[in-house]
Amino acid sequence: MRALDIAGTGMQAQQTNVEVISNNIANLTTTGFKRSRAEFQDLIYQNLRRVGSNSSDTGTVVPSGAQVGLGVKTAAIYRINEQGNLQQTSNSLDLAIQGNGYFQVTLPSGETAYTRDGTFSLSPTGQIVTSDGYVVQPGVTIPTNATGVTIDTSGEVQVSIPGQTAPSLVGALQLANFPNPTGLESQGGNLLLATAASGNAVTGNPGAPGFGTTMQGFVETSNVNVVSEITNLITAQRAYEMNSKVITASDEMLSTLTNLH
Amino acid sequence: MENPTTIALSRLVAQSRAMEVTANNLANADTPGFKAERMVFADWLVREPNLPNADGLPPGGRILAYTQDRATYREAQLGTFTATANPLDLAIGSNGFFTVLTAAGPRLTRAGHFERATDGRIVDGAGNPLLDINGKPIQLAPADTIISVASNGSISSQNGQIGQIGVVAPQDPNKMRSEGARLLVTDSPTKQVFDPQISQGSLEDSNVQPIREIVSMMTTLREFQFTSQFVQAEGDRQQSAIDKITQRNG
């Protein structure tokens, strides 16, 4: 009975679907989180009667063959890079990216990771770091005697020093863009890594063509839409149940056969 | 040879195949661009050999009709659209197909989730490039960051027109074979669809209707059980006939 296996693949796929949805809901309030979507594709087909094969000696052909598909599999789980909402925090080191681009973060291993989570703080030496203490590239150091930090939409960091009337420029943050941002690999901790699929990072100043702008005092919330996640969850659950019904029905067919005597 | 059991058997085999088709439809209820499949049954006529000939057949004479699962066909009905907000998710509102170039040649698909490859080509989830109306891959420049796709398939960015996505329809839609991975292959010639009605930022869901599938599943199951009971009854009848004959001889 192939129907048992086919319905089994359907249940597995829906289970993956529920896992992806639950991860989206769990990260509803994660700063800079991008929701994912599981996408499915049909498995291979078995030809019971091939399309276009001859149906007689006179050359008539079968106009549509009999093909039975063998189920479903997960094709991809991809991030949807839609912009999240901007939420005001009034924290001078909270930055949201309005538009395309990622902040670049140096991991302890020396690798560069990418994030849209702009809740930054200062390290003991005054460097701008992420909430995990990783340095945001290119390293910008705020003097210890600075009283105020202003980061403009093009990423330039200016500080007010007591005794000076004009604010002084201490550095500028840069953003990275990718040919295919969907190809970035999620690393956890709001971090993404470049892969062969994402292509190489192209860095630029915020506000340059193709790059988003930095908004001081805001964070980007996740782009998870609760209503659509809940409706997706209901659909996934019902689809799971229907596949299990097919298993029950196939089982009943088999038991009918075994009860013949 | 006793025919009733073998005729019932042909029905049982056909019903179990119909169950597989239903199972595959339900398993793919969430597969974008998937079209529900239906089974076509046909009767397979066999004349009793001891009758004189076809013309000499008396009315109501013995023709045996076996069931044969003759074909499967795809329902062409449009699936519902889900908005995904991904600029390269494209849904076709007409009856055409996208063409992607695989290692084995061009293949048709309605699954419209595309991504941008590192070399700038628009590719599907498996890395097969999407073809334009001239059968060439569509190439985006690195500066093209804001992509918009018009209803007629014309693709452009903030730097101007890039190309036109090809949407084709085969002359004989029944001659398409499913290859899995949402790809279809056809030998019949294809022609461009005049107004493809592409909708950007959405995906076409499968057109599987759960109610229909569940009803067809229950019907299949009950018919299967009904036919099995017939096989059972026929077996009992033969058994009792054998018993009676052997008793008389004994």
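Residues numbered from 1 in each chain as written. Chains lettered and ligands numbered in written order. Predicted model: local features only at pLDDT ≥ 70, side-chain atom pairs only at ≥ 80, totals over all residues.

1. Points about the domain arrangement of chain B
As assigned here, chain B comprises domain 1 (3-76 + 208-249) and domain 2 (81-204). Partitioning the side of domain 1 of chain B that touches domain 2 of chain B into residue classes produces 4 nonpolar, 2 polar and no charged. (Domains from an automatic or database assignment. Nonpolar A, V, L, I, M, F, W, Y, C, P; charged D, E, K, R; others polar.)

2. Description of the sheet that holds strand β12 (residues 148-151) of chain A
Residue and element names in this part refer to chain A. The strand order across the open sheet formed by 3 strands is β12-β13-β14, and the pairing between neighbours is antiparallel. The open sheet has two edge strands with one neighbour each: β12 and β14 (168-172). When the angles between neighbouring strand axes are averaged without regard to direction, this sheet yields 25°. (Pairing = 2+ DSSP bridges. Helix = DSSP H or I, 4+ residues; strand = E, 2+ residues; numbered from the N terminus. Axes fitted to C-alpha atoms, helices over the stretch in contact; angles between N-to-C directions.)

3. Concerning the domain arrangement of chain A
For chain A, the domain assignment lists domain 1 (2-81 + 224-258) and domain 2 (86-220). Of the residues in the side of domain 1 of chain A that touches domain 2 of chain A, the class split is 1 nonpolar, 4 polar and 1 charged.

4. Section: the packing of helix α1 (residues 2-26) of chain A against helix α2 (residues 226-258) of chain A
Residues and elements named next belong to chain A. Remark: α1 packs on α2, axes separated minimally by 9 Å, with the N-to-C direction vectors making an angle of 160°. If you check the angle between α1 and α2, you find them roughly antiparallel. Relative to α2, the crossing made by α1 is left-handed. Together, A3, L4, A7, G10, M11, Q14, Q15, N17, V18, I21, N24 and I25 of α1 and E229, N232, L233, A236, A239, Y240, N243, S244, V246, I247 and S250 of α2 make up the contact between the two elements. Its residues placed into classes, the contact of α1 with α2 shows 13 nonpolar, 9 polar and 1 charged. (Parallel < 35°, antiparallel > 145°, perpendicular 65-115°, else oblique. Left-handed = near helix turned anticlockwise from the far one by under 90°. Contact = placed C-beta atoms within 7 Å.)

5. As for the interface of chain A and chain B
Taken together, the contacts link 54 residues of chain A with 54 residues of chain B. Every element with two or more residues in the side of chain A that touches chain B is listed here: α1, β1 (36-42), β2 (45-49), β3 (66-69), β4 (72-79) and α2 of chain A. Examining the composition of the side of chain A that touches chain B, we find that 11 residues originate from one element, α2 of chain A, more than from any other. The residue makeup of the side of chain A that touches chain B, split by class, is 28 nonpolar, 18 polar and 8 charged.

6. Quick word on the nonpolar core
Residues A7 and V246 of chain A together with M19, A23, L26 and A27 of chain B are the most contacted members of the largest nonpolar core, which totals 34 residues. When residues of this core are traced back to their parent elements, those giving at least two are α1, β1, β4 and α2 of chain A together with α1 (3-27) and α2 (210-249) of chain B. Setting aside residues up to four positions removed in sequence, A23 of chain B forms contacts with A3, I6, A7 and V246 of chain A. In this structure, I97, Y114, L173 and L192 of chain A belong to the second largest nonpolar core, which totals 26 residues. (Core = buried A, V, L, I, M, F, W, Y, C linked by C-beta atoms within 7 Å. Buried ≥ 20, exposed ≤ 12 C-beta atoms within 10 Å, placed from the backbone.)

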